[in-house]
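Commentary on secondary and tertiary structure
Here's the letter readout for the chains.
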Amino acid sequence: MPVDSPLVPPPAPPSGLVIFSDPRFAAHAPASYHPERPRRLDAALRGVERLGDVGRVDRPAVFARREDLEGVHAAEYLDALELKLAERPGYLDPDTYFNDATQTAAWLAAGSACALVDALIDGDARVGALMARPPGHHATPNRAMGFCVLNNIAVAARHALKRGLKRVAIVDWDVHHGNGTQAIFEHTPEVLFVSLHESPLYPNSGYAQEVGQGEGRGATVNVPLPPGSGGVAYRQAFERIVMPILSEAAPELLLISAGFDAHSRDPLANMQLDDDDYAWMASRLREAAGESARGRVGLFLEGGYDLHALEFGVEHALRGLLSHADDGLMPRGQDPSAAFALSAVLEAQRPYWKSLKK
Ligand SMILES: [Zn+2]
């Protein structure tokens, strides 16, 4: 050890927050009005700025390597996608446009998902956020859909397993069911997938009885909630299902598919969350990640089509991940239609989770 070591300053503590984003995401743009538009990301990044001084580190996006994607998507899909994206702008499915910047944006989003996981595992930060477009959670192993091209959060979870983690949890609070993420991991017990979503709604999947397949049974948890559900319903879902299951699963890393389209202002859905509800959910997930995951949480931007809801939702969610949210003013009580929906989830999941048996 060098004699002057007492004078060497100690290494800086990990920054609170690492953000991955990139101006190149803006060039993935529709030819005419479409709700999944570049201004969404501007709004989300304004939400990040509103956090002020939280020890934030900004990192540029990085391209995905083929091997990162092949852990999630079929090789034939990736080949066909690259050919298609080189054509004149058009559509990959009835909802999912592409232009000459889509390949760059999609590959940067998925590559940054891996870089975010590396930053969390290597201790660069406790909380990371991928502020990217296009979103990912509807993209299946072999299909682009619902504005999504590559499944960024699934690429991240697969990368975490490759880095040696044994248990990863994905909580998807986007208002739409994360059908792509479910399809990718429904046979994989190492990845717990929990989706809270409005039902019925696009993509018309995510019923309580969908619990995973084969060895993965019980590692897919669908929590469909009726249209109009708000903070009370989500609170009930967290207390009765999400928190007990996360505690029992003890993930080593927690990833959030964070859409902001369950916000009351969103034009594409009918839920009633407000900004404080996002802070509350994030704060609970921060708690859930506290012990087994050493607090490591990654937030991935998915949907959310009202710019105000995006800006303030992102700000509140990140605040909830960085510090305890005071829930003294949160709504109390019971939502009877949510309770009915949750009883179906409890019935479907009880065989797999001791914590639900009481
Ligand atoms: Zn959505």
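Residues numbered from 1 in each chain as written. Predicted model: local features only at pLDDT ≥ 70, side-chain atom pairs only at ≥ 80, totals over all residues. Heavy atoms only, no water.

With respect to the helices and strands, the residue His-316 is situated in helix H9 (residues 307-322). Classification of His-316 as buried rests on a relative accessible area of 16%. A polar side-chain atom of His-316 sits 2.8 Å from the main-chain carbonyl oxygen of Phe-312. Residues contacting His-316, with those up to four places away along its chain left out, are Asp-275, Asp-276, Tyr-278 and Ala-279. (Helix = DSSP H or I, 4+ residues; strand = E, 2+ residues; numbered from the N terminus. Buried < 20%, exposed > 50% of the residue type's maximum accessible area, 1.4 Å probe, protein only. Polar contact = N/O pair within 3.5 Å; in protein donor to acceptor, adjacent residues only side chain to side chain. Contact = heavy atoms within 4.5 Å.)

Looking now at the pairing of strand E6 (residues 168-172). Across the 5 residues that make up E6, a large majority, 5, are buried. Residues Val-168, Ile-170 and Asp-172 line one face of E6 and the alternating positions Ala-169 and Val-171 line the opposite face, and both faces are buried. In this structure, E6 lies alongside strand E7 (residues 191-198), joined through 5 bridges in parallel fashion. Paired with Ile-170 across the strands is Phe-193, a residue of E7. Crossover connection from E6 via helix H6 (residues 179-185) to parallel E7: handedness right-handed. Pairing of E6 with strand E9 (residues 253-258) involves 5 bridges; the strand directions are parallel. Opposite Val-171, over in E9, you have Ile-256 as the bridge partner. (Pairing = 2+ DSSP bridges. Right-handed = clockwise from strand over helix to strand, strands pointing away.)

Another aspect to go through is the packing of aromatic side chains. The description of two aromatic rings rests on the distance between their centres and on the angle between their planes. What the rule picks out here adds up to 5 aromatic pairs. Seen in terms of ring centroids, Phe-147 and Tyr-305 are 5.6 Å apart; in terms of plane orientation they differ by 85 degrees. Their pairing is edge-to-face. Here the residue Phe-147 occupies a position in the loop between strand E5 (125-130) and helix H5 (152-162), and Tyr-305 occupies one in the loop between strand E10 (297-301) and H9, the gap between them amounting to 158 residues. With relative accessibility at 14%, the residue Phe-147 sits in the buried group. Taken together, the ring pairs connect Trp-173, Phe-260 and Tyr-278 into an aromatic cluster. (Phe/Tyr/Trp six-rings, centres within 6.5 Å; stacked < 30°, edge-to-face > 60°.)

Quick look at helix H4 (residues 102-121) now. The end-to-end C-alpha distance of H4, which contains 20 residues, comes to 29 Å, matching closely the 28 Å that a straight helix rising 1.5 Å per residue would cover. In terms of residue burial, H4 counts as a mostly covered element, since 17 of its 20 residues are buried. Positioned one or two residues after H4, Gly-123 has a phi angle of 80 degrees, which is positive. (Expected span 1.5 Å × (residues − 1).)

With that settled, the discussion passes to the nonpolar core. In this structure, Met-131, Leu-150, Trp-173 and Leu-318 are the most contacted members of the largest nonpolar core, which totals 113 residues. The leading source of residues in this core is H4, at 14 residues. In this structure, Leu-318 is in contact with Leu-17, Ile-19, Val-48, Leu-51, Ala-129 and Leu-299, ignoring residues within four places of it in sequence. (Core = buried A, V, L, I, M, F, W, Y, C linked by side-chain atoms within 4.5 Å.)

Its axis deflected by about 45 degrees at Phe-238, helix H7 (residues 231-249) carries its strongest bend there. Ala-250 lies just past H7 and shows a positive phi near 50 degrees. (Bend = angle between axes of the 7 residues up to and from the residue.)

With that out of the way, let us pick up unusual backbone geometry. A cis amide bond links Arg-133 to the next residue, Pro-134, at an omega of -5 degrees. Assignment of secondary structure puts Pro-134 in the loop between E5 and H5. Each neighbour pair has its own omega, and for Ser-199 with Pro-200 the value is 5 degrees, a cis peptide bond. Inspection of the secondary structure puts Pro-200 in the loop between E7 and strand E8 (220-225). Phi angles above zero are rare outside glycine, and Phe-147 is one such case at about 75 degrees. With phi around 50 degrees, Arg-294 is a residue other than glycine that occupies positive phi space. Relative to the helices and strands, Arg-294 is located in the loop between helix H8 (275-290) and E10.

What follows covers the coordination of the zinc ion. Taken together, Asp-174 (OD), Asp-174 (OD), His-176 (ND1) and Asp-261 (OD) make up the full set of protein donors to the zinc ion, lying 2.0 to 2.7 Å away. Coordination at the zinc ion is irregular: its 4 donor atoms span angles of 53 to 155 degrees at the metal. On the primary sequence, the residues serving as donors to the zinc ion are separated as D-x1-H-x84-D. Here His-176 is found in the loop between E6 and H6, whereas its partner Asp-261 is found in the loop between E9 and H8, with 85 residues between them in sequence. According to the relative accessible area criterion, His-176 is buried, its value standing at 8%. Overall, the relative accessible area of 0% leaves Asp-261 in the buried class. (Donors = N, O, S within 2.8 Å, 3.2 Å for Na, K, Ca; no water. Tetrahedral: all angles 85-135°; square planar, octahedral: opposite > 155°, others 65-115°.)

Next up on the list: the state of the cysteines. The final tally for this structure, using the stated rule, is 0 disulfides. Looking at the unpaired Cys-114, the closest cysteine sulfur is the one in Cys-148, lying at 17 Å. In this structure Cys-114 comes out as buried when scored by relative accessible area, which is 4%. (Disulfide = S-S within 2.5 Å.)

What follows deals with the pairing of E10. The side chains of a regular strand alternate, residue by residue, between the two faces of the sheet. By the criterion of burial, E10 is predominantly enclosed, with 5 of the 5 residues buried. A two-sided burial pattern is seen for E10, the buried positions comprising Val-297, Leu-299 and Leu-301 on one face and Gly-298 and Phe-300 on the other. Strand direction decides the pairing type here: E5 and E10, joined by 4 bridges, are parallel. Of the residues in E10, the one forming a bridge with Val-127 is Val-297. As paired elements, E9 and E10 share 5 bridges and run parallel to each other. Bridged to Ile-256 within E10 is Leu-299. In this fold, the crossover linking E9 to E10 by way of H8 has right-handed handedness.

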